[in-house]
Amino acid sequence: MALRIPFNKPYMTGRELSLIADAHASLHLSGDGKYTKLCNGWLADLSGAKAALLTHSCTAALEMSALLCDIKPGDEVIVPSFTFVTTVSSFVMRGAVPVFIDIRPDTLNMDETKIEDAITEKTRAIVPVHYAGVGAEMDTIVAIAKKHNLKVVEDNAQGVMSSFKGKPLGSFGNLAAVSFHETKNIISGEGGALYVNDEELIEKAEIIREKGTNRARFFRGQVDKYTWEDLGSSYLPSEILAAFLWGQIKEAYEITDRRLKIWQAYHEAFAGLEKEGLIRRPIVPEYCKHNAHMYYLLFNSLEERTDFIAKMREQGIGCVFHYLPLHDSPAGKKFGRFNEELPVTKKVSDTLVRLPLWVGLEKDGQLEEVIENVIRIVKR
Ligand SMILES: *Cc1c(COP(=O)(O)O)cnc(C)c1O
């Protein structure tokens, strides 16, 4: 059954095709042309990163991060279990053992109080995720990393345009990865970027991104021939993709504002349900400025959530659950370990549901329709 109000609907600004036509006409179709440079520059300004490098996905940026952290077989990385597969698999590709820790019940981000117990002499990195574009406890995480001489890689896939205590997400770690996948706020279908905050990692990042060669330096005239220098792969997106992304970036602030209005409308509308103890709404600490990447509700049980999703579907409205705990997955069990059961992860995985949130939902009474149906179905 086709849903009248889908969970996600990619938003186009209307500029994308003419920018692609321009990239096409310029006859520079491979990576690192005009549009890639425009996007890189904008992202570096936004985040304060020493360098921002477009990639073909956030996953690519995470894989590059694992190489940049020099992860070797048997090294450990501390990760949340409540996250997307590639937060973890990108490090496992280098032979890392993921050590899964629980999340905080409020923001659903990595529980920073569990990190130190998970550290061993093999630990190399901490990989926090900014779930729903709400910052993880970065001051504590960075302090722990400093104390134990660990790298921090922020999985900031969902957090472009968000900040924590006045600093942009993605500016805290040695490295950060962002996503422009169709399901994110600012999109290019598939797409991502790596933020490099450590000056001394920039050159290595460029080499890894250019198939292990020093091609980037060659093009800048810094070396007179290019050669194979180190590990690497093909992580550049084409100019066609970068041109599309540039069209989106030009509207990044408007997109965020429009999403925030929808988020706020949901949040106010469901205050009563929360008071009655029927659901719990998202908790955003006052020091976190978020980008309205997601609006979710937490039910009291798996049964209530399953019933809710089915009833919303009957009304033609798409609502979806989210991550299955990675520590409990076949690959998580094979590759990873955890010190204790992860009760918050388990509970949230069973009870969280995401509501439709996309630019344009606010038109034609659709937002009101979702709100009315949520209230009616939850109260029943
Ligand atoms: C979307 C997402 C990714 C993967 O992004 P891609 O660009 O599809 O590779 C990784 N981590 C998190 C937390 C995500 O939400």
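Use the structure listed above.
Residues numbered from 1 in each chain as written. Predicted model: local features only at pLDDT ≥ 70, side-chain atom pairs only at ≥ 80, totals over all residues. Heavy atoms only, no water.

### Comments concerning the packing of helix H10 (residues 252-269) against helix H15 (residues 366-379)
- Where H10 meets H15, the closest approach of the two axes is 11 Å, and the angle between their N-to-C directions is 25°. What the angle tells us is that H10 and H15 run roughly parallel. The interaxial crossing formed by H10 with H15 has right-handed handedness. Here Ile262, Ala265, Tyr266 and Ala269 of H10 come into contact with H15, specifically with Leu367, Val370, Ile371 and Ile375. (Axes fitted to C-alpha atoms, helices over the stretch in contact; angles between N-to-C directions. Helix = DSSP H or I, 4+ residues; strand = E, 2+ residues; numbered from the N terminus. Parallel < 35°, antiparallel > 145°, perpendicular 65-115°, else oblique. Left-handed = near helix turned anticlockwise from the far one by under 90°. Contact = heavy atoms within 4.5 Å.)

### Notes on unusual backbone geometry
- Non-glycine residue Asp32 carries a positive phi angle of around 60°.
- Note on placement: Asp32 falls in the loop between helix H1 (16-25) and helix H2 (34-47).
- For Asp32, a relative accessible area of 21% puts it in the partly exposed group.
- Positive phi, close to 50°, is recorded for Lys165, a residue that is not glycine.
- You can see Lys165 is positioned in the loop between strand E6 (163-164) and strand E7 (167-168). (Buried < 20%, exposed > 50% of the residue type's maximum accessible area, 1.4 Å probe, protein only.)

### What about H15?
- In this model H15 runs 20 Å from its N-terminal to its C-terminal C-alpha over 14 residues, within 8% of the 20 Å that 1.5 Å per residue would give.
- Buried-residue contacts for H15 involve H10, helix H11 (271-275), strand E11 (296-298) and helix H12 (302-314). (Expected span 1.5 Å × (residues − 1).)

### Section: empty space enclosed by the protein
- Evaluated as defined, the whole model comprises six cavities of 30 Å³ or more.
- Estimates place the volume of the largest cavity at around 90 Å³.
- Lining of the largest cavity is provided by Val99, Phe100, Ile101, Asp102, Lys114, Asp117, Ala118, Phe338, Asn339, Glu340 and Leu342.
- At the level of elements, strand E3 (97-101) and helix H5 (115-118) are the ones that each hand at least two residues to the lining of the largest cavity.
- Element by element, the count of residues in the lining of the largest cavity is highest for E3, at three residues.
- Its residues placed into classes, the lining of the largest cavity shows six nonpolar, one polar and four charged.
- When residues of the lining of the largest cavity are assigned to domains, at least three fall in each of domain 1 (16-249) and domain 2 (252-379). (1 Å grid on protein atoms, 1.4 Å probe; cavity = no way out; pocket = protein on both sides within 12 Å on 5 of 7 lines; lining within 4 Å. Points joined across faces, edges and corners; volume = space filled by probe spheres on them. Nonpolar A, V, L, I, M, F, W, Y, C, P; charged D, E, K, R; others polar. Domains from an automatic or database assignment.)

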